[in-house]
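# Notes for the structure review
Here is what each chain is made of, one letter per residue.
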Amino acid sequence: MKIPSSIWTLLIGIVLTLASLWYGQNHGLLPAAATDEAVLVDGLFNAMMIVSTGIFLLVEGILIYSAFRYRRRAGDNEDGPPVEGNVPLEILWTAIPAIIVIGISVYSFDVYNEIGGFDPHAIHEAPISQESMKMPGHGSAFAQRAGTALAATLSDTPPSTAPNLNQEKSDEAMQDPATAEVRNADQIPQLRNAPGVGIVAPTIGGTPDKAGKPAELQVNVTGLQYAWIFTYPETGITTGEMHVPIGREVEISMTANDVIHAFWVPEFRLKQDAIPGRQSEIRFTPKKAGDYVLICAELCGPYHGAMRAPVVVEPQEAFDKWMQEQLVASKETLNQAIAVNPTDLSPNEFLAPYTKDMGIKPEILHQVHH
(Lines give C-alpha, C1' and ligand atoms only; values in the text may rest on other atoms or scores of the structure.)
Protein backbone atom coordinates (compact mmCIF):
# COMPACT_ATOMS: atom_id res chain seq x y z
CA MET A 1 0.00 0.00 0.00
CA LYS A 2 1.46 3.32 -1.13
CA ILE A 3 1.09 6.17 1.34
CA PRO A 4 0.10 9.48 -0.35
CA SER A 5 2.69 12.24 -0.32
CA SER A 6 0.28 14.54 1.54
CA ILE A 7 0.20 12.09 4.45
CA TRP A 8 4.01 11.91 4.49
CA THR A 9 4.18 15.71 4.49
CA LEU A 10 1.74 15.90 7.42
CA LEU A 11 3.61 13.29 9.46
CA ILE A 12 6.98 14.94 8.81
CA GLY A 13 5.53 18.32 9.80
CA ILE A 14 4.20 16.90 13.07
CA VAL A 15 7.53 15.28 13.92
CA LEU A 16 9.48 18.48 13.12
CA THR A 17 7.09 20.58 15.20
CA LEU A 18 7.30 18.28 18.23
CA ALA A 19 11.10 18.05 17.98
CA SER A 20 11.43 21.83 17.68
CA LEU A 21 9.11 22.47 20.63
CA TRP A 22 10.96 19.98 22.82
CA TYR A 23 14.44 21.26 22.02
CA GLY A 24 13.37 24.90 22.27
CA GLN A 25 12.33 24.29 25.88
CA ASN A 26 15.16 21.90 26.84
CA HIS A 27 18.28 23.22 25.10
CA GLY A 28 20.12 24.00 28.35
CA LEU A 29 22.11 26.80 26.74
CA LEU A 30 21.26 29.52 29.26
CA PRO A 31 22.54 29.94 32.82
CA ALA A 32 20.15 30.16 35.74
CA ALA A 33 17.58 32.97 35.58
CA ALA A 34 18.31 35.14 38.64
CA THR A 35 15.95 38.10 38.06
CA ASP A 36 12.29 38.63 37.23
CA GLU A 37 13.32 40.19 33.92
CA ALA A 38 15.34 37.10 32.96
CA VAL A 39 12.15 35.06 32.59
CA LEU A 40 10.89 37.39 29.86
CA VAL A 41 14.19 37.28 27.98
CA ASP A 42 14.31 33.49 28.26
CA GLY A 43 10.84 33.23 26.77
CA LEU A 44 12.00 35.22 23.74
CA PHE A 45 15.18 33.15 23.42
CA ASN A 46 13.22 29.89 23.62
CA ALA A 47 10.78 31.06 20.94
CA MET A 48 13.66 31.93 18.63
CA MET A 49 15.27 28.57 19.37
CA ILE A 50 12.04 26.73 18.49
CA VAL A 51 11.78 28.52 15.14
CA SER A 52 15.49 28.08 14.41
CA THR A 53 15.40 24.36 15.22
CA GLY A 54 12.40 23.79 12.98
CA ILE A 55 14.00 25.65 10.05
CA PHE A 56 17.32 23.86 10.57
CA LEU A 57 15.73 20.39 10.61
CA LEU A 58 13.55 21.19 7.58
CA VAL A 59 16.35 22.62 5.43
CA GLU A 60 18.93 19.98 6.37
CA GLY A 61 16.36 17.23 5.94
CA ILE A 62 15.49 18.39 2.42
CA LEU A 63 19.18 18.67 1.52
CA ILE A 64 19.96 15.15 2.73
CA TYR A 65 16.87 13.69 1.04
CA SER A 66 17.62 15.47 -2.24
CA ALA A 67 21.28 14.43 -2.19
CA PHE A 68 20.24 10.80 -1.78
CA ARG A 69 17.08 10.76 -3.93
CA TYR A 70 18.45 12.66 -6.92
CA ARG A 71 22.04 11.41 -6.92
CA ARG A 72 23.52 10.42 -10.23
CA ARG A 73 23.20 6.69 -10.93
CA ALA A 74 25.94 4.61 -12.50
CA GLY A 75 25.88 4.89 -16.28
CA ASP A 76 23.62 7.95 -16.28
CA ASN A 77 25.42 10.60 -18.33
CA GLU A 78 22.39 12.59 -19.46
CA ASP A 79 21.64 16.17 -18.50
CA GLY A 80 19.00 16.84 -15.89
CA PRO A 81 15.55 18.11 -16.95
CA PRO A 82 15.34 21.90 -17.43
CA VAL A 83 13.63 23.78 -14.60
CA GLU A 84 11.87 27.02 -15.46
CA GLY A 85 11.02 28.03 -11.89
CA ASN A 86 7.98 27.93 -9.66
CA VAL A 87 6.46 31.30 -8.80
CA PRO A 88 4.07 30.07 -6.07
CA LEU A 89 6.94 28.23 -4.37
CA GLU A 90 9.19 31.28 -4.52
CA ILE A 91 6.44 33.46 -3.04
CA LEU A 92 5.92 30.90 -0.29
CA TRP A 93 9.56 30.64 0.78
CA THR A 94 9.83 34.43 0.73
CA ALA A 95 6.62 35.09 2.66
CA ILE A 96 7.25 32.56 5.44
CA PRO A 97 10.64 34.01 6.53
CA ALA A 98 9.21 37.53 6.30
CA ILE A 99 6.32 36.57 8.61
CA ILE A 100 8.74 34.90 11.04
CA VAL A 101 11.04 37.95 11.16
CA ILE A 102 8.11 40.34 11.70
CA GLY A 103 6.70 38.12 14.42
CA ILE A 104 10.02 37.89 16.27
CA SER A 105 10.49 41.66 15.92
CA VAL A 106 7.10 42.36 17.51
CA TYR A 107 7.77 39.84 20.28
CA SER A 108 11.24 41.33 20.91
CA PHE A 109 9.84 44.84 21.19
CA ASP A 110 7.19 43.64 23.62
CA VAL A 111 9.84 42.00 25.85
CA TYR A 112 12.05 45.09 25.63
CA ASN A 113 9.12 47.22 26.73
CA GLU A 114 8.15 44.82 29.54
CA ILE A 115 11.63 44.94 31.10
CA GLY A 116 11.55 48.75 30.99
CA GLY A 117 13.84 49.34 28.04
CA PHE A 118 11.50 51.46 25.96
CA ASP A 119 11.46 54.98 27.38
CA PRO A 120 11.89 57.65 24.69
CA HIS A 121 11.71 60.40 27.33
CA ALA A 122 14.60 59.10 29.46
CA ILE A 123 16.68 62.27 29.77
CA HIS A 124 18.95 63.06 32.68
CA GLU A 125 19.65 66.69 33.46
CA ALA A 126 22.62 65.70 35.62
CA PRO A 127 24.56 62.83 34.03
CA ILE A 128 26.47 62.25 37.27
CA SER A 129 24.36 62.77 40.38
CA GLN A 130 25.76 64.53 43.42
CA GLU A 131 25.46 61.33 45.43
CA SER A 132 27.43 59.28 42.91
CA MET A 133 30.19 61.91 42.94
CA LYS A 134 30.25 62.18 46.68
CA MET A 135 33.05 60.36 48.45
CA PRO A 136 31.95 58.95 51.80
CA GLY A 137 33.39 60.47 54.94
CA HIS A 138 35.47 57.36 55.40
CA GLY A 139 37.65 58.17 52.42
CA SER A 140 40.47 55.99 53.64
CA ALA A 141 38.16 52.98 53.62
CA PHE A 142 37.06 53.84 50.11
CA ALA A 143 40.61 54.00 48.85
CA GLN A 144 41.62 50.88 50.68
CA ARG A 145 38.74 48.65 49.63
CA ALA A 146 38.40 49.88 46.05
CA GLY A 147 42.15 49.71 45.64
CA THR A 148 42.13 46.18 47.03
CA ALA A 149 39.46 45.15 44.51
CA LEU A 150 41.50 46.55 41.63
CA ALA A 151 44.70 45.02 42.94
CA ALA A 152 43.00 41.63 43.23
CA THR A 153 41.86 41.89 39.64
CA LEU A 154 45.29 42.81 38.35
CA SER A 155 47.02 40.19 40.50
CA ASP A 156 45.72 37.49 38.16
CA THR A 157 47.78 38.93 35.32
CA PRO A 158 50.81 36.86 34.31
CA PRO A 159 54.01 38.69 35.36
CA SER A 160 55.19 38.83 31.78
CA THR A 161 52.15 40.83 30.64
CA ALA A 162 51.30 42.94 33.67
CA PRO A 163 53.77 45.81 32.93
CA ASN A 164 52.15 46.34 29.53
CA LEU A 165 48.63 46.99 30.79
CA ASN A 166 48.61 50.77 30.90
CA GLN A 167 50.67 50.53 34.08
CA GLU A 168 50.74 54.21 34.91
CA LYS A 169 46.96 54.52 34.87
CA SER A 170 46.37 51.30 36.82
CA ASP A 171 48.93 52.23 39.51
CA GLU A 172 47.33 55.65 39.91
CA ALA A 173 43.87 54.12 40.33
CA MET A 174 45.14 51.60 42.89
CA GLN A 175 46.90 54.28 44.89
CA ASP A 176 43.80 56.44 45.17
CA PRO A 177 40.62 55.25 43.39
CA ALA A 178 38.72 58.12 44.99
CA THR A 179 40.53 60.67 42.85
CA ALA A 180 39.60 58.64 39.78
CA GLU A 181 35.94 59.17 40.58
CA VAL A 182 36.49 62.89 41.07
CA ARG A 183 38.30 63.20 37.74
CA ASN A 184 35.43 61.41 36.02
CA ALA A 185 32.93 63.89 37.46
CA ASP A 186 35.11 66.79 36.37
CA GLN A 187 34.95 65.69 32.74
CA ILE A 188 31.48 67.21 32.30
CA PRO A 189 31.33 70.42 34.35
CA GLN A 190 29.23 72.20 31.76
CA LEU A 191 26.43 69.64 32.19
CA ARG A 192 26.74 69.55 35.95
CA ASN A 193 26.51 73.31 36.28
CA ALA A 194 23.92 74.05 33.63
CA PRO A 195 20.37 73.23 34.80
CA GLY A 196 18.02 72.32 32.02
CA VAL A 197 20.77 71.03 29.74
CA GLY A 198 20.27 67.29 29.37
CA ILE A 199 21.54 64.35 27.39
CA VAL A 200 19.84 61.13 26.43
CA ALA A 201 21.36 58.25 28.37
CA PRO A 202 20.86 54.55 27.62
CA THR A 203 18.37 53.18 30.10
CA ILE A 204 16.63 49.96 31.07
CA GLY A 205 14.16 51.42 33.51
CA GLY A 206 11.35 50.08 35.61
CA THR A 207 8.73 47.72 34.23
CA PRO A 208 5.44 49.35 33.11
CA ASP A 209 3.77 48.61 36.46
CA LYS A 210 6.64 50.38 38.26
CA ALA A 211 7.13 53.25 35.84
CA GLY A 212 7.64 56.57 37.60
CA LYS A 213 8.27 54.93 40.96
CA PRO A 214 11.71 55.05 42.62
CA ALA A 215 13.59 51.77 42.98
CA GLU A 216 13.83 50.25 46.45
CA LEU A 217 17.64 50.17 46.37
CA GLN A 218 20.13 52.28 44.43
CA VAL A 219 23.70 51.31 43.65
CA ASN A 220 26.11 53.65 41.86
CA VAL A 221 28.65 51.85 39.71
CA THR A 222 31.88 53.21 38.23
CA GLY A 223 33.86 51.21 35.68
CA LEU A 224 37.55 51.82 35.19
CA GLN A 225 40.42 49.85 33.73
CA TYR A 226 40.11 47.16 34.98
CA ALA A 227 37.72 47.02 37.94
CA TRP A 228 34.24 47.91 39.10
CA ILE A 229 33.55 50.19 42.09
CA PHE A 230 30.15 50.08 43.84
CA THR A 231 28.73 52.84 46.04
CA TYR A 232 25.55 52.65 48.11
CA PRO A 233 24.50 56.33 48.38
CA GLU A 234 22.07 55.73 51.24
CA THR A 235 24.87 54.58 53.55
CA GLY A 236 28.02 55.87 51.83
CA ILE A 237 29.46 52.36 51.60
CA THR A 238 31.93 51.89 48.75
CA THR A 239 33.25 48.45 47.92
CA GLY A 240 34.63 46.21 45.21
CA GLU A 241 31.73 43.75 45.25
CA MET A 242 28.00 44.22 44.86
CA HIS A 243 25.38 42.78 47.21
CA VAL A 244 21.65 43.01 46.49
CA PRO A 245 18.66 41.55 48.36
CA ILE A 246 16.11 39.16 46.90
CA GLY A 247 12.74 40.61 45.92
CA ARG A 248 13.70 44.31 46.01
CA GLU A 249 13.95 46.31 42.80
CA VAL A 250 17.49 47.58 42.30
CA GLU A 251 18.50 50.59 40.23
CA ILE A 252 22.06 50.62 38.91
CA SER A 253 23.31 54.10 37.96
CA MET A 254 26.59 53.72 36.17
CA THR A 255 29.30 55.68 34.45
CA ALA A 256 32.87 55.04 33.30
CA ASN A 257 36.09 56.71 34.33
CA ASP A 258 38.18 56.24 31.18
CA VAL A 259 36.71 54.27 28.26
CA ILE A 260 33.40 52.57 27.51
CA HIS A 261 32.69 49.53 29.65
CA ALA A 262 29.58 47.33 29.74
CA PHE A 263 27.69 46.04 32.79
CA TRP A 264 26.69 42.40 32.16
CA VAL A 265 25.64 39.66 34.56
CA PRO A 266 24.62 36.69 32.35
CA GLU A 267 22.19 35.34 34.94
CA PHE A 268 20.36 38.70 35.01
CA ARG A 269 19.95 38.72 31.18
CA LEU A 270 20.60 42.48 31.17
CA LYS A 271 23.44 44.40 29.60
CA GLN A 272 24.13 48.14 29.49
CA ASP A 273 27.08 50.33 28.52
CA ALA A 274 28.90 52.47 31.08
CA ILE A 275 29.95 55.57 29.16
CA PRO A 276 32.44 58.27 30.25
CA GLY A 277 30.63 61.55 30.90
CA ARG A 278 27.16 60.00 30.95
CA GLN A 279 24.99 58.22 33.45
CA SER A 280 23.18 55.11 32.23
CA GLU A 281 20.77 52.99 34.23
CA ILE A 282 19.54 49.44 34.69
CA ARG A 283 16.67 48.36 36.93
CA PHE A 284 15.99 44.76 37.87
CA THR A 285 14.53 42.63 40.65
CA PRO A 286 16.70 39.73 41.88
CA LYS A 287 14.81 36.53 42.62
CA LYS A 288 17.39 33.76 43.09
CA ALA A 289 20.09 33.75 45.75
CA GLY A 290 23.61 32.96 44.61
CA ASP A 291 27.07 34.21 43.78
CA TYR A 292 27.34 35.64 40.29
CA VAL A 293 29.97 37.47 38.26
CA LEU A 294 29.75 40.95 36.73
CA ILE A 295 31.56 40.90 33.39
CA CYS A 296 32.65 43.80 31.25
CA ALA A 297 31.11 43.07 27.85
CA GLU A 298 32.81 45.92 25.96
CA LEU A 299 36.42 45.65 24.79
CA CYS A 300 38.10 48.20 27.05
CA GLY A 301 41.82 47.43 26.85
CA PRO A 302 44.40 44.66 26.90
CA TYR A 303 43.18 43.24 30.23
CA HIS A 304 39.47 43.48 29.36
CA GLY A 305 38.90 39.74 29.84
CA ALA A 306 39.76 39.92 33.53
CA MET A 307 37.52 42.90 34.36
CA ARG A 308 35.14 41.04 36.64
CA ALA A 309 33.53 41.62 40.01
CA PRO A 310 31.51 39.40 42.37
CA VAL A 311 27.75 39.96 42.63
CA VAL A 312 25.93 38.41 45.57
CA VAL A 313 22.14 37.97 45.62
CA GLU A 314 21.01 37.11 49.14
CA PRO A 315 18.03 37.27 51.50
CA GLN A 316 17.20 40.60 53.11
CA GLU A 317 18.56 39.49 56.50
CA ALA A 318 21.94 38.52 55.03
CA PHE A 319 22.06 41.78 53.05
CA ASP A 320 21.38 43.86 56.17
CA LYS A 321 24.10 41.96 58.03
CA TRP A 322 26.59 42.60 55.23
CA MET A 323 25.75 46.30 55.18
CA GLN A 324 26.29 46.53 58.93
CA GLU A 325 29.65 44.77 58.61
CA GLN A 326 30.72 47.23 55.93
CA LEU A 327 29.75 50.20 58.10
CA VAL A 328 31.69 48.82 61.07
CA ALA A 329 34.73 48.08 58.90
CA SER A 330 34.60 51.58 57.41
CA LYS A 331 34.45 53.20 60.84
CA GLU A 332 37.40 51.15 62.10
CA THR A 333 39.46 52.03 59.05
CA LEU A 334 38.66 55.72 59.49
CA ASN A 335 39.67 55.63 63.14
CA GLN A 336 42.96 53.97 62.21
CA ALA A 337 43.61 56.61 59.57
CA ILE A 338 42.95 59.42 62.06
CA ALA A 339 45.26 57.78 64.61
CA VAL A 340 48.06 57.49 62.07
CA ASN A 341 47.47 60.94 60.56
CA PRO A 342 46.21 63.24 63.33
CA THR A 343 45.39 66.69 62.00
CA ASP A 344 43.16 69.65 62.71
CA LEU A 345 43.01 70.57 59.05
CA SER A 346 39.82 70.43 57.04
CA PRO A 347 39.55 67.66 54.38
CA ASN A 348 40.22 70.20 51.61
CA GLU A 349 43.33 71.55 53.36
CA PHE A 350 44.58 68.07 54.18
CA LEU A 351 44.23 66.89 50.55
CA ALA A 352 45.45 70.09 48.92
CA PRO A 353 49.17 69.09 48.62
CA TYR A 354 48.19 65.85 46.90
CA THR A 355 45.37 67.06 44.68
CA LYS A 356 47.37 70.03 43.42
CA ASP A 357 49.78 67.70 41.66
CA MET A 358 46.83 65.79 40.17
CA GLY A 359 45.26 68.90 38.68
CA ILE A 360 42.11 68.71 40.82
CA LYS A 361 40.62 72.14 41.49
CA PRO A 362 39.70 73.18 45.08
CA GLU A 363 36.08 73.81 44.10
CA ILE A 364 35.77 70.20 42.97
CA LEU A 365 36.93 69.02 46.40
CA HIS A 366 34.49 71.34 48.08
CA GLN A 367 31.63 69.99 45.99
CA VAL A 368 32.63 66.38 46.65
CA HIS A 369 32.77 66.83 50.42
CA HIS A 370 29.52 68.74 50.57
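Structure shown above.
Notes on the structure follow.

## Thoughts on the packing of helix α1 (residues 5–25) against helix α2 (residues 36–69)
Geometrically, a packed helix pair is captured by the angle between its two axes and the distance between the axes. One can describe the packing of α1 onto α2 by two numbers: an axis separation of 8 Å at closest approach and a directional angle of 140°. Judged by the inter-axis angle, α1 sits oblique to α2. Note that α1 runs across α2; the crossing there is right-handed. Residues Leu16, Ala19, Ser20, Leu21, Tyr23, Gly24 and Gln25 of α1 form the contact with α2, whose participating residues are Asn46, Met49, Ile50, Thr53, Gly54, Leu57 and Leu58. Here the residues of the contact of α1 with α2 are counted per class, giving eight nonpolar, six polar and no charged.

## A closer look at the sheet that holds strand β6 (residues 237–239)
A sheet is described by the order of its strands in space; here six strands give the open sequence β3-β11-β8-β4-β5-β6, paired in mixed fashion. Because the sheet does not close on itself, it has two edges, and the strands there are β3 (203–204) and β6. By the bridge criterion, three bridges tie strand β5 (residues 227–232) to β6 in an arrangement that is antiparallel. Bridge assignment links tyrosine 232 to a residue of β6, and that residue is isoleucine 237.

## Thoughts on the pairing of strand β12 (residues 290–296)
Side-chain positions along a regular strand alternate between the two faces of the sheet. Pairing geometry for strand β9 (residues 261–265) and β12, over two bridges, is antiparallel. Bridge pairing links tryptophan 264 to isoleucine 295 in β12. Note that β12 and strand β13 (residues 308–314) share six bridges and pair antiparallel. Each bridged residue has a counterpart across the sheet, and for tyrosine 292 the counterpart in β13 is valine 311.

Calculation rules
- Residues numbered from 1 in each chain as written.
- Predicted model: local features only at pLDDT ≥ 70, side-chain atom pairs only at ≥ 80, totals over all residues.
- Heavy atoms only, no water.
- Axes fitted to C-alpha atoms, helices over the stretch in contact; angles between N-to-C directions.
- Helix = DSSP H or I, 4+ residues; strand = E, 2+ residues; numbered from the N terminus.
- Parallel < 35°, antiparallel > 145°, perpendicular 65-115°, else oblique.
- Left-handed = near helix turned anticlockwise from the far one by under 90°.
- Contact = heavy atoms within 4.5 Å.
- Nonpolar A, V, L, I, M, F, W, Y, C, P; charged D, E, K, R; others polar.
- Pairing = 2+ DSSP bridges.

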